[in-house]
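One letter stands for each residue in the lines below.
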Amino acid sequence: MEMKILAIGDVVGEPGLQHLGRHLRQLRRDTGADFVVVNGENASGVGLTPDQAEEIFDAGADVITLGNHSFSRREICSYLDDCPRILRPANYAPQVPGRGWGEFETKFGAVAVINLQGRCAMDFSPDNPFLLVEKILPKLSTRLIFIDFHAEATSEKLAMGYMLDGRISALWGTHTHVPTADVQVLPKGTGYVTDLGMTGPRDSVLGVQPHQSIAKFRGDLTSRYQWAKGPTKLEGVLFTIDTQTGLAKSAERVGTVYETSPRR
């Protein structure tokens, strides 16, 4: 049997939340996705609130993953403890709220989702994700294993993909908000993409008004970042998995739905 899992790139701000709410359920129907994972750590720009998490679930997500802004909105802390369907990076210190992986029931049986954070050119305070994932995998009761690796460096994501090739179903990268052209099935059968992209303003720099980002890189004084206006988009990857082997049969980019006028 085949299972289809849809992974959606970082939801950015209110434009991203609105766009996800308008299009995710239809995309799920169109692709025949059985399970949907959405990265939501930028729903507030930096961080996620409980209300925003509920919006993402209402839009059609089964699991929400986070990243380096997991605790930028502290009101999420108790929510992370109470809701098993939202994950923060597993390689954070064990005393922080929430969980970094979980197993979730589907019509195909249990599937495991692991959230990891990279360290290269980011924050090196998390535990080494390459060593930690080796401790998590033996604890899982299923072959259907999916990883959101929230990382900056393409080399770090690729290295993780090849290290786990043939041992997990799929690994996708998040954080850089720019979709990469390397959607593939690795040689031993793991689905892979270096970055899913993002869900939010199309004509932007990672969701922000371009002139503000330009000013920052020029060294100018600039105001607090604001979401870019205009068309919005949704980007992700659909992985088709053989449920007997737990390995990927195909991986394809989906989404890129543009909309110029919000309906709410």
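Our structure is the block above this text.
What counts as what
- Residues numbered from 1 in each chain as written.
- Predicted model: local features only at pLDDT ≥ 70, side-chain atom pairs only at ≥ 80, totals over all residues.
- Heavy atoms only, no water.
- Phe/Tyr/Trp six-rings, centres within 6.5 Å; stacked < 30°, edge-to-face > 60°.
- Helix = DSSP H or I, 4+ residues; strand = E, 2+ residues; numbered from the N terminus.
- Lys NZ or Arg CZ within 6 Å of the ring centre and 35° of its normal.
- Pairing = 2+ DSSP bridges.
- Contact = heavy atoms within 4.5 Å.
- Axes fitted to C-alpha atoms, helices over the stretch in contact; angles between N-to-C directions.
- Parallel < 35°, antiparallel > 145°, perpendicular 65-115°, else oblique.
- Left-handed = near helix turned anticlockwise from the far one by under 90°.
- Nonpolar A, V, L, I, M, F, W, Y, C, P; charged D, E, K, R; others polar.
- 1 Å grid on protein atoms, 1.4 Å probe; cavity = no way out; pocket = protein on both sides within 12 Å on 5 of 7 lines; lining within 4 Å.
- Points joined across faces, edges and corners; volume = space filled by probe spheres on them.
- Buried < 20%, exposed > 50% of the residue type's maximum accessible area, 1.4 Å probe, protein only.
- Polar contact = N/O pair within 3.5 Å; in protein donor to acceptor, adjacent residues only side chain to side chain.

(A) Quick look at the packing of aromatic side chains. One pass over the full model with this rule turns up 5 aromatic pairs. Relative to Y92, the ring of F71 has its centre 5.7 Å away and its plane inclined at 35°; by these criteria the two rings are tilted. Of the two residues, F71 sits in the loop between β4 (63-65) and α3 (77-82) while Y92 sits in the loop between β5 (86-87) and β6 (101-106), which places them 21 residues apart along the sequence. Their ring planes at 25° and their centres at 5.8 Å tell us that W172 and F239 sit as a pair that is stacked. Taken as a pair, W172 in strand β9 (residues 170-174) and F239 in strand β14 (residues 235-242) lie far apart in primary sequence, 67 residues in all. Stacked on the ring of F57, the Lys or Arg R85 has its end atom at 4.0 Å from the ring centre.

(B) Representation of the sheet that holds strand β10 (residues 184-185) within the structure. Reading across from one edge, β6-β7-β8-β9-β11-β10 is the order of the 6 strands in this open sheet, with mixed pairing throughout. Each edge of the open sheet is held by one strand with a lone partner, namely β6 and β10. Along the sheet, helix α5 (residues 154-164) contacts β7 (109-117), β8 (145-150), β9, β10 and β11 (191-193); its crossing angle with β9, the most-contacted strand, is approximately 170°.

(C) Examining the packing of helix α4 (residues 129-136) against α5 more closely. Axis separation between α4 and α5 bottoms out at 11 Å; the angle between their running directions is 30°. In terms of their interaxial angle, α4 and α5 are classed as roughly parallel. Once α4 is placed against α5, the crossing between them reads as right-handed. Contacts between α4 and α5 involve P129, F130, V133 and E134 from the former and E156, A159, M160, M163 and L164 from the latter. Residues that form the contact of α4 with α5 fall into these classes: 7 nonpolar, no polar and 2 charged.

(D) Structural context of the layout of surface pockets. A volume near 740 Å³ is recorded for the largest pocket. Around the largest pocket, the lining is made up of 23 residues, and of these N42, G45, V46, V208 and Y225 lie nearest the centre. Classifying every residue of the lining of the largest pocket by side-chain character gives 8 nonpolar, 10 polar and 5 charged.

(E) Spotlight on the pairing of β6. Taking every second residue as pointing to the same face, the buried face of β6 carries G102, F104 and T106, while none of W101, E103 and E105 on the other face is buried. Hairpin connection from β6 to β7: 2 residues lie between these consecutive antiparallel strands.

(F) Structural view of the side chain of H150. Relative to the elements of secondary structure, H150 occurs in strand β8. Judged by its relative accessible area of 0%, H150 falls in the buried class. A distance of 2.7 Å separates the side chain of H150 from the side chain of T174, its partner in a polar contact. Every residue in contact with H150, bar those within four places of it in the chain, is listed here: D10, N39, E41, L66, G67, N68, L116, Q117, G118, M122, T174 and H175.

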